[in-house]
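Take a look at the letters that make up each chain.
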Amino acid sequence: MNTDHDLEREILSILTETAPVRPPEHLLPSVISSARRKRRWPRWYALVKEPTMHSDSHLTVGSPTARIAAVMATTLLLALLVAGAGIAGSRLLAADGIIVVDQSGAGTVETIAEAVAMAKDGDTIRVMPGTYPEPIAIDKDVTIEGDPGSERDAIVVSFTPEHPTATTLWSEDLPSAFRLLDATAIVRHLHVTGPDHGIAINVSGGDVLVEDVSGDLEGGYMGKGRYIVFVQDAAAATVEDVTCDCSIATTEGSTLDVERFTQSSGDVILNINGSVGDVRDSVISSLLIQEGADASVTGSTIKNEVLVDPGAVVELRDNLIDGVDNDGAYGIRVDGGATTLRGNIIRGQFIGLDIGSGTSPIAEGNTFEDNTTAINVIDGAAAVPEVLANITGNTFCGNATNISPAGDLAGNEICDADLGTAP
Amino acid sequence: LARASITRLYAVATLILGDRDRAEDAVQDALVLAWQGMYALRDPDAWEAWLHRLTVRACYKHAKKERRRVSVEVGQLPDPEIPGGADLAISVVERDHLERAIGTLPIDQRAVMVVHYYLDQPLSKAAEILDIPVGTAKSRLHHGLTTLRRSMRDEREAAPRRVRERTA
């Protein structure tokens, strides 16, 4: 320990190691119990009680001038309250920017709907653990977040078929937990449960971030009918760290950006007529990219199939399209549009890449392995040379049939000749 | 809110007070005060720093109470057993000595160290949390480090002598 730096490092090390890892279990209940026995200070009392602040400090509640002003303002406020200011009055009493929702009564309000009603643009609505069975419509630029100190799944927003509905792509009228209406909003760190068929977060216009949200939704076929996020009316949605056995869907003119979405079944649908969708680092059951979509999927695992409809523009890069759970079906079906495949691994499929009539995807640097048929060209032998012109630099290993009908795969690396005949 | 902060506050209070029971009391006081006054906090971004300030203040209060009640300082602990070779032994002894030396610093100096090093706050922020001018924070940190350096130097001079005596 020769230098000041060594000494400081050693001090930090000792402090870190000496500090208790967690408080005794009884401490938090004891704090809550003490708090409940005490009255919360009114604002004017807090202003007077706190010691004088420094001119550049933000930690205390007012300089002398601010205190006088605050006391006068508080007096006026109290008068307003007495006059029956109601909700507006209680809003003014709330902490600047943070409204705490707690069913136990220890927060600002007890329901999310009340918090939304009193919130103004820029506010944060912090939801404490509990189950909140209420419809939530948000038309303000607010953040709704579960208490960061609590487990995500302890903050539950639930909804029922009686909640207000929205119409989806397939003309279903589905109830929803959250309706975000032209809002620039954030929904974060909570769990949503719903009935058979429904939408957890319905984004209608606006620009929304959905982050660290999980869902427990039921019903629908292949994910249609149960959505964790449904984006429509030219909205923009960013979805990060979301887990759900259900779908995400966009409609015409909307934008969807997905990162680290984990989906055990159902479809992720990047859809339709001009939507832009980017998916990264996710685990997806199926991907349906429909007419007019402009989508990219990168670094993800796709457990069932990717279906590209005519009129879509799609780039699939560095994904694993794995047929292990796919029960011998298609890896990628390209029925039209402009599809580019680069650096993907397509394996264990009945058909790895199924190329539809009149289309010719670009496939470069991919690996096709252990498929029954790596590439199948629907239009038959006459179309194979044209299709193969766009298929270069790929690796074919362990496929029963590398291409059907047969063709010259020059420009690609072939580990082994066809191992068998396609059924 | 309390659940989000309680672990860190308890760690800070324990490090400042060196006593877990009093740390519990200090954290409880701080969080109840925070609950009572939270609606008046001007800047929500300052919430964490404000909690730290309340905790440090509560620590001072409990330390003062304790001084009134107990007038005898805890004596120096016996030297630990020395495992292994001489080099390792000196390192272990030095570290142990430093830990005990931190524990004997005045609470004002220890509080600056905890906020500055453990909470990783620059001295300007640490001063704000401790409710003292920046110059005072720098001075307390300087005195604390000087005390520790002096203590370590004394220990370094004494340690080989002790090792020789034990191995003789």
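See the structure shown above.
Below is a short write-up of the structure.

The rules we used
- Throughout this document, residue positions are counted from 1 along each chain, in the order its sequence is written.
- Labels are handed out in written order, letters beginning with A for the chains and numbers beginning with 1 for the ligands.
- Predicted model: local features are reported for residues with pLDDT of at least 70 only, side-chain atom pairs are reported and counted for 80 or more only, and whole-chain, interface and lining totals are derived from all residues.
- Side-chain descriptors were evaluated using all non-hydrogen atoms of the structure, hydrogens and water having been removed beforehand.
- The bend at a residue is defined as the angle formed between two axes, one fitted to the seven residues ending at that residue and one fitted to the seven starting there.
- Put simply, DSSP H or I for four residues or longer makes a helix, DSSP E for two residues or longer makes a strand, and each gets a number counted from the N terminus.
- Exposure classes here rest on a 1.4 Å probe applied to the protein chains alone. A residue is buried below 20% of its type maximum, exposed above 50%, and partly exposed in between.
- As a rule, the C-alpha atoms of each element are fitted with a line to give its axis, helices using only the stretch in contact, and angles between N-to-C directions run from 0 to 180 degrees.
- The scheme is simple: roughly parallel for angles under 35 degrees, roughly antiparallel for over 145, roughly perpendicular for 65 to 115, oblique for anything else.
- For any helix crossing, the convention is left-handed if the near helix is rotated counterclockwise from the far helix by under a right angle, and right-handed if that rotation is clockwise.
- In what follows, a contact means two residues having at least one pair of non-hydrogen atoms within 4.5 Å.
- Asp, Glu, Lys and Arg are counted as charged, while Ala, Val, Leu, Ile, Met, Phe, Trp, Tyr, Cys and Pro are counted as nonpolar; the rest, among them Gly, fall into the polar class.
- Residues belong to one nonpolar core when they are buried, are Ala, Val, Leu, Ile, Met, Phe, Trp, Tyr or Cys, and are joined through side-chain atoms within 4.5 Å.

Another aspect to go through is helix α1 (residues 2–17) of chain B. Residue and element names in this part refer to chain B. At Arg8, α1 shows its maximal kink, close to 25 degrees. With 12 of 16 residues buried, α1 is to be regarded as a mostly interior element. Within the span of α1, buried status applies to Ala2, Ser5, Ile6, Leu9, Tyr10, Ala11, Val12, Ala13, Thr14, Leu15, Ile16 and Leu17. One or two steps after α1, the chain reaches Gly18, where phi turns positive at roughly 70 degrees.

This part covers the packing of helix α2 (residues 27–37) of chain A against α1(B). Viewed as axis vectors pointing N to C, α2(A) and α1(B) meet at an angle of 120 degrees, and their least axial separation amounts to 11 Å. In terms of orientation, α2(A) lies oblique with respect to α1(B). Seen from above, α2(A) lies across α1(B) with right-handed handedness. The residues of α1(B) that touch α2(A), namely those facing Leu27(A), Leu28(A) and Val31(A), are Ala2(B), Arg3(B), Ile6(B) and Tyr10(B). When the residues that make up the contact of α2(A) with α1(B) are grouped by side-chain class, the tally is 6 nonpolar, no polar and 1 charged.

When a protein is soluble and globular, its nonpolar side chains tend to lie buried together. Among the nonpolar cores identified, the biggest contains 140 residues, and Ile144(A), Phe178(A), Ile228(A) and Ile375(A) are the most heavily contacted of them. Looking at this core, the element that brings in the most residues is α1(B), giving 10 residues. The next biggest cluster of nonpolar side chains, apart from the first, holds 6 residues, and it includes Ala166(A), Ile199(A), Tyr227(A) and Ala249(A).

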